[in-house]
Amino acid sequence: MGKQISHHILTYTAVMVAIMALTLTACSVSYKFNGASIDYTKTKSIQIADFPIRSSYVWGPMGPMFNNELKDMFARHTKLSLVKRNGDLKIEGEITQYTQRNKSVAADGHSAQTELSITVNVRFTNNANHQEDFERQFTSSKSYETTQSLAAVQEELVTEMVKDIVEQIFNATVANW
């Protein structure tokens, strides 16, 4: 009886170790799909130009916030060297719109929510494969209650929208999704 229990414990332990190993392997494989899919033998550098603000409505900190976040994203998630010119990959463009508009109306006829949005025009060049080149616009929007002032929510909302747009650009340029 003791040998039979011991055998079951060993079998149970072996099965649990196998399940944990498979789980860890599955996690590591899925993690790779979240990053960049770059052939580092052909692509070693990236050139990211500062994006000027071309919108008629401007919030000063938005430009530096966007430019820093875009460069940081590629530094954190790729092994590409950031260069000033002649990059294997090149990203440039401009912030074309920063707008707010009434999104919903309350029962009393006044605006209940305001939507803030940012649009960025991006030109991407892949000098190793020009079939991947594109020019495209990326937009992100966030809403806030009209009872709040724009000044009270602007930094938080712009930060969220910038991160969203930068992620969209990253996925479109090097994640190949």
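Structure shown above.
Predicted, not measured: the structure shown is a model, and the values here were computed from it. (Residues numbered from 1 in each chain as written. Predicted model: local features only at pLDDT ≥ 70, side-chain atom pairs only at ≥ 80, totals over all residues. Heavy atoms only, no water.)

**Some words on the sheet that holds strand S5 (residues 134–145)**
Taken in spatial order, the five strands line up as S2-S1-S3-S4-S5 in an open sheet, and their pairing is mixed. With one partner strand each, in any of the chains shown, strand S2 (81–82) and S5 form the two edges of the open sheet. Judged from the three bridges that link them, strand S1 (residues 45–48) and strand S3 (residues 89–105) form a sheet pairing that is parallel. Within the sheet, the bridge partner assigned to Ile-48 lies in S3 and is Ile-91. Across the sheet, helix H2 (residues 62–77) is in contact with S1, S2, S3 and strand S4 (111–126); its angle to S3 comes to roughly 125 degrees. Strands in contact with helix H3 (residues 150–175) are S3, S4 and S5; relative to S5, the strand with the most contacts, it is inclined by about 150 degrees. (Pairing = 2+ DSSP bridges. Helix = DSSP H or I, 4+ residues; strand = E, 2+ residues; numbered from the N terminus. Contact = heavy atoms within 4.5 Å. Axes fitted to C-alpha atoms, helices over the stretch in contact; angles between N-to-C directions.)

**Concerning the packing of H2 against H3**
Interhelical geometry of H2 versus H3 gives an angle of 45 degrees and a closest axis separation of 9 Å. Accordingly, the angle class assigned to the pair H2 and H3 is oblique. Crossing handedness for the pair H2 and H3: right-handed. Taken together, the residues of H3 that come into contact with H2 (itself represented by Met-62, Met-65, Phe-66, Glu-69, Leu-70, Met-73, Phe-74 and His-77) are Val-158, Thr-159, Val-162, Lys-163, Ile-165, Val-166, Glu-167, Ile-169, Phe-170, Thr-173 and Val-174. Along the lines of polarity and charge, the residues of the contact of H2 with H3 split into 13 nonpolar, three polar and three charged. (Parallel < 35°, antiparallel > 145°, perpendicular 65-115°, else oblique. Left-handed = near helix turned anticlockwise from the far one by under 90°. Nonpolar A, V, L, I, M, F, W, Y, C, P; charged D, E, K, R; others polar.)

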